[in-house]
Amino acid sequence: MTFLRKRMLEELQRRKYSSETIRLYLSAVQHFANYFGKRPDHLGPEHLRQYQLYLLNERKLSVGSVIARTSALRFFFLKVLRRPYREIDLVYPKRPERLPEILSEEEVARLIESASTSYHRVILMTLYGTGLRREELCRLRVTDVDSQRMVIHVRQGKGGKDRDVTLSPKLLEVLRSYWKWRKPKTYLFPSYYGSDQEKPISSHTVWNAVSAAARRAGIKKKVSPHILRHSWATHLLERGTDLKTIQVLLGHVDLEATTIYLHLSQHHLQAVHNPIEALPISGLGVKPGLRPRKGE
């Protein structure tokens, strides 16, 4: 490990960044250096500007991906190299406001039924039944399943915050059967890949389980583990759960982040009384036999 990489790792650890964020930040700086074929501390503002244009125009990465890499480079130059802020020519590209895609309850059922293995089926059911983020599911421990209070404890979720999510009787029954079958000791979904010691499954395993099920189910939407989180929250809202409760279950800091599900809920959209319905007007208003004018 080079001195710069070690120093950046230490600065990230001092601030208690998550292991996934540390991995992404280190990888982003490494890619930046490789692109120019130089040490990152030998690069400057013009290189940063060129690199951002490369990511947007040539790699055509999503705005979210570019923002993540921009944050990593900003951290490296400001916190590791201690460069003056005014020298860092890094801007955050404007993020388009798009509604997340969701699955209907029927599509979720098809997805779960199309799981490649029983192990993947339990993973999919846990994702949808709790609204957990992918990394949160990977880190679940057996002791986090609290059948007495019917909750699942989420330890150090996004932002380093703990929270509880509801545990449904159906999911509890599935998890009990799963435990008798696999007998996990520490982590609920353990991995022994490359080691005799139990460790959490990788987030790629979860991603692949969802992607494979979507292909087998014939779902044409872009399906990822996070779509199950969005779908769960939307279905909760449609079944009468209030926004504040959904905010707490999802671990959102701001209620505004949760209000996006109002735009996705068919129940709320169809409950709107459109004022055009009250207007005393007829339909198309075209007289019989009347042809449209040229250009109309």
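Model, not experiment: these values are computed from the prediction. (Residues numbered from 1 in each chain as written. Predicted model: local features only at pLDDT ≥ 70, side-chain atom pairs only at ≥ 80, totals over all residues. Heavy atoms only, no water.)

Caption draft 1: Quick look at unusual backbone geometry. Positive phi, close to 60°, is recorded for K16, a residue that is not glycine. Its location among the elements puts K16 in the loop between helix 1 (3–14) and helix 2 (19–36). On the basis of relative accessibility, which here comes to 73%, the residue K16 falls in the exposed class. (Helix = DSSP H or I, 4+ residues; strand = E, 2+ residues; numbered from the N terminus. Buried < 20%, exposed > 50% of the residue type's maximum accessible area, 1.4 Å probe, protein only.)

Caption draft 2: Here's a closer look at the sheet that holds strand 2 (residues 151–154). Judged by pairing direction, the sheet is antiparallel, and its three strands sit side by side in the order 1-2-3 without closing on themselves. With one partner strand each, in any of the chains shown, strand 1 (145–146) and strand 3 (163–166) form the two edges of the open sheet. Where strand 1 lies against strand 2, two bridges are found, and the strand directions are antiparallel. From the neighbouring strand, D146 faces strand 2, where its bridge partner is V151. (Pairing = 2+ DSSP bridges.)

Caption draft 3: A look at the pairing of strand 2. Residues V151 and H153 of strand 2 are buried on one face, and the alternating residues I152 and V154, pointing to the opposite face, are buried as well. The antiparallel hairpin formed by strand 1 and strand 2 contains four residues in its connecting segment, where M150 sits at a positive phi of about 55°. Strand direction decides the pairing type here: strand 2 and strand 3, joined by four bridges, are antiparallel. Directly across from H153, in strand 3, lies its bridge partner D164.

Caption draft 4: Fine view of the nonpolar core. L111, I123, L124 and F189 are the most contacted members of the largest nonpolar core, which totals 48 residues. Setting aside anything within four residues of it in sequence, one finds L111 in contact with L103, L124, V210, A213, A214, A217, I219, V223 and L228. One finds L4, F36, Y54 and L73 within the second-largest nonpolar core, a separate group that totals 27 residues. (Core = buried A, V, L, I, M, F, W, Y, C linked by side-chain atoms within 4.5 Å. Contact = heavy atoms within 4.5 Å.)

Caption draft 5: Region of interest: the packing of helix 1 against helix 4 (residues 63–80). Relative orientation of the contacting elements helix 1 and helix 4 amounts to 95°, with a least axis distance of 11 Å. Classed by the angle they form, the pair helix 1 and helix 4 counts as roughly perpendicular. Facing helix 1, whose interface residues are L4, R7, M8, E11 and L12, helix 4 presents A72, F75, F76, K79 and V80. Across the contact of helix 1 with helix 4, the residue classes tally to seven nonpolar, no polar and three charged. (Axes fitted to C-alpha atoms, helices over the stretch in contact; angles between N-to-C directions. Parallel < 35°, antiparallel > 145°, perpendicular 65-115°, else oblique. Nonpolar A, V, L, I, M, F, W, Y, C, P; charged D, E, K, R; others polar.)

Caption draft 6: Main features of helix 9 (residues 203–217). An ideal rise of 1.5 Å per residue puts 21 Å on 15 residues; helix 9 measures up with 21 Å between its terminal C-alpha atoms. All of the buried residues in helix 9 are S203, V206, A209, V210, S211, A212, A213, A214 and A217. Remark: G218 follows helix 9 within two positions and exhibits a positive phi of approximately 75°. (Expected span 1.5 Å × (residues − 1).)

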